[in-house]
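Here are the chains, one letter per residue:
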Amino acid sequence: MFGDMMNMMGKLKETQKKVEATKKRLDTVLIDESSNDKKLKVTLTANRTIKSIEIDNELLEDKEQLEDYLIITLNKAIDKATNINESELSAVAKEGMPNIPGMDLFK
């Protein structure tokens, strides 16, 4: 029993390292999103860090319209990044979790 516990602890540490490596890799995964008319483009990482925003000059003339564009486009990009982030991290965590009865957290 003690050996099983040590084996599980080792597997958990290995999984933790894989999760950290996946988080670092997700910093290099870029998500591009743009408004329907392409007047606003944003790029962020799968860890939800904004890398760039491109704004058409026409949008600079209308503050309210620009704000609306930013909210809609950034939210779409954040949703995409969150989906990628969660699926990647849960896959790594599920792969490395020891089989403990009653602990079906990642299914």
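A. View of the overall build of the chain. Looking only at helices and strands, the chain has two helices and three strands in total. For the chain, the succession of helices and strands along the chain, N to C, is α-β-β-β-α. A buried classification covers 27% of the 107 residues belonging to the chain. Sequence separation of at least 24 residues holds for 52% of the intrachain contacts in the chain that already meet a minimum separation of 6. Per element, the accessible surface of the chain, about 7800 Å² overall, is 54% carbon and sulfur.

B. Seen up close, the side chain of Ser34. Tracing the backbone through its elements, the reader meets Ser34 in strand 1 (residues 30-34). Among the polar contacts listed, one links the side chain of Ser34 to the side chain of Lys38, at a separation of 3.5 Å. Contact partners of Ser34, with chain neighbours within four places excluded, come to Leu40, Lys41, Thr73 and Lys76.

C. The arrangement of unusual backbone geometry in detail. Residues other than glycine seldom take positive phi values, yet Lys38 does so here, at roughly 65 degrees. Positionally, Lys38 belongs in the loop between strand 1 and strand 2 (40-45). Here the phi dihedral of Arg48 falls at roughly 65 degrees; this positive angle occurs in a residue that is not glycine. Mapped onto the elements, Arg48 comes out in the loop between strand 2 and strand 3 (50-55). The class for Arg48 is partly exposed, based on a relative accessible area of 38%.

D. The arrangement of the sheet that holds strand 1 in detail. In spatial order, the strands read 1-2-3; together these three strands make up an open sheet with antiparallel pairing. The strands lining the two open edges of the sheet, one partner per strand, are strand 1 and strand 3. The mean inter-strand angle of the sheet, taken between neighbouring strand axes irrespective of direction, is 10 degrees. The pairing of strand 1 with strand 2 spans five bridges and is classified as antiparallel. Counted as the bridge partner of Glu33 is Val42 from strand 2.

E. Broad picture of a negative patch on the surface. A grouping of Glu61, Asp62, Glu64 and Asp68 is seen on the molecular surface, where their side chains present a negatively charged patch. By the element assignment, Glu61 lies in the loop between strand 3 and helix 2 (63-96). Overall, the relative accessible area of 71% leaves Glu61 in the exposed class.

F. Representation of the nonpolar core. Counting residues in each nonpolar core, the largest one holds 11 residues, listed as Val19, Leu26, Ile31, Val42, Leu44, Ala46, Leu74, Ala77, Ala81, Leu89 and Val92. Of all the elements in the fold, those that place two or more residues in this core are helix 1 (2-26), strand 2 and helix 2. Among the elements that line this core, the one with the most residues is helix 2, at five residues. Here Leu26 is in contact with Thr45, Ala46, Asn47, Ile84, Asn85, Glu88 and Leu89, once residues within four sequence places are set aside.

Each value, and the rule that gives it
- The written sequence of each chain sets the order in which its residues are numbered from 1.
- A pLDDT threshold of at least 70 governs which residues receive local features in this predicted model, and a stricter bar of 80 or more applies before side-chain atom pairs are shown or counted, although totals over entire chains, interfaces and linings include all residues.
- Hydrogens and water molecules were not included; the side-chain quantities draw on all heavy atoms of the structure.
- The numbering of helices and of strands both runs from the N terminus, where a helix is a DSSP run of H or I of at least 4 residues and a strand a run of E of at least 2.
- For each residue, the accessible area found with a 1.4 Å probe, counting protein chains only, is set against the maximum for its type, and the residue is called buried under 20%, exposed over 50%, and partly exposed in between.
- The contact criterion used throughout is that any non-hydrogen atoms of two residues lie within 4.5 Å.
- Each accessible area value is a Shrake-Rupley result obtained with a 1.4 Å probe; residue values ignore everything except the protein chains displayed when judging cover.
- Throughout this description, a polar contact denotes any pair of N or O atoms lying within 3.5 Å of each other; where both atoms belong to protein, one of them has to be capable of donating a hydrogen while the other can accept it, and for residues adjacent in sequence the pair is counted only when both atoms sit in side chains.
- Two strands qualify as a pair provided that DSSP identifies no fewer than 2 bridges between them.
- A fitted line through C-alpha atoms represents every axis, and for helices the fit uses only the stretch in contact; the resulting angles, taken between N-to-C directions, go from 0 to 180 degrees.
- Residues qualify for a patch when their relative accessible area is over 30% and they have no salt bridge, like charges being joined within 9 Å and the nonpolar side chains of Val, Leu, Ile, Met, Phe, Trp and Tyr within 5 Å.
- A side-chain nitrogen of Lys or Arg and a carboxyl oxygen of Asp or Glu constitute a salt bridge if their distance falls within 4 Å.
- Asp and Glu count as negative and Lys and Arg as positive, but His and the ends of the chain are not part of the count.
- Each charge is placed at NZ for Lys, CZ for Arg, CG for Asp and CD for Glu.
- Nonpolar core, defined: a set of buried Ala, Val, Leu, Ile, Met, Phe, Trp, Tyr and Cys residues in which side-chain atoms within 4.5 Å join the residues together.

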